[in-house]
Amino acid sequence: MSGPVDTLLNSRLGRLGVQFAKFGVVGVIGLLVDTAVLYAGLALGLEFFAARIPSFFAAATATWALNRAFTFRGAVAEPLHRQWAKFIAANAIGGVVNYGVSVGLESSVQMVADHPFLAVAAGSIAGMFFNFAASKHLVFKGA
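Everything in this summary refers to the structure shown in the same document. (Residues numbered from 1 in each chain as written. Predicted model: local features only at pLDDT ≥ 70, side-chain atom pairs only at ≥ 80, totals over all residues. Heavy atoms only, no water.)

## A closer look at a nonpolar patch on the surface
Now for step 1: Residues Tyr 39, Val 109, Met 111, Phe 117 and Leu 118 make up a contiguous nonpolar surface patch of about 420 Å² in total accessible area.
Now for step 2: In this fold, Met 111 is placed in helix 6 (residues 110-114).
Now for step 3: Residue class for Met 111 comes out exposed when judged on its relative accessible area of 55%. (Patch = residues over 30% accessible without salt bridge, like charges linked within 9 Å, V, L, I, M, F, W, Y side chains within 5 Å. Areas by Shrake-Rupley, 256 points an atom, 1.4 Å probe, with all protein chains shown as cover. Salt bridge = Lys/Arg side-chain N within 4 Å of Asp/Glu carboxyl O. Helix = DSSP H or I, 4+ residues; strand = E, 2+ residues; numbered from the N terminus. Buried < 20%, exposed > 50% of the residue type's maximum accessible area, 1.4 Å probe, protein only.)

Structure representation (structure tokens):
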């Protein structure tokens, strides 16, 4: 016997919501990777804007792998290198939004400059919605 929650979760909208929630969990892990690599770059003496570049690529690679295995598990299979490249390309606009928001906030809001994690978090949220749509429809087709 299925109740209203089961009916909702098994609907198209419900499945999309669950998938978006999984994407969000993966995004939080990506945020942690992003932040760790950012702080490592800052510790090595890189300026914030320069440290954001390797931190973004590290986070994007981690989220691609986790989304492939967890969020979009049923996607059409294709070679890893091709899918990774498509993920990076499809998420580049979200990455530009992410980067722009984080650098803009870091350079204009003192509290954010004092706590770079806030810049990374704001940038991640700003790019998340675009990245979900691009990942679902351009990279992980059929999932």
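## Examining the layout of surface pockets
Now for step 1: Reported here for the largest pocket is a volume of approximately 410 Å³.
Now for step 2: Along the wall of the largest pocket there are 22 residues; nearest its centre are Gly 27, Thr 63, Asn 98, Ser 124 and Asn 131.
Now for step 3: Broken down by secondary-structure element, the contributors of at least two residues to the lining of the largest pocket are helix 2 (12-43), helix 3 (48-71) and helix 7 (116-139).
Now for step 4: In terms of residues, the lining of the largest pocket owes the most to one element, helix 2, which gives eight residues.
Now for step 5: Broken down by class, the residue content of the lining of the largest pocket amounts to 11 nonpolar, 10 polar and one charged. (1 Å grid on protein atoms, 1.4 Å probe; cavity = no way out; pocket = protein on both sides within 12 Å on 5 of 7 lines; lining within 4 Å. Points joined across faces, edges and corners; volume = space filled by probe spheres on them. Nonpolar A, V, L, I, M, F, W, Y, C, P; charged D, E, K, R; others polar.)

## Remarks on the nonpolar core
Now for step 1: Ranked by internal contacts, the top residues of the largest apolar core, which has 13 residues, are Phe 72, Phe 87, Val 139 and Phe 140.
Now for step 2: Every element with two or more residues in this core is listed here: helix 3, helix 4 (80-90) and helix 7.
Now for step 3: Excluding residues within four positions of it along the chain, Phe 140 makes contact with Trp 64, Asn 67, Arg 68, Phe 72, Ala 75, Gln 83, Phe 87 and Ser 135.
Now for step 4: Counting residues in hydrophobic clusters, the runner-up holds eight residues, among them Ala 51, Ala 119, Val 120 and Ala 121. (Core = buried A, V, L, I, M, F, W, Y, C linked by side-chain atoms within 4.5 Å. Contact = heavy atoms within 4.5 Å.)

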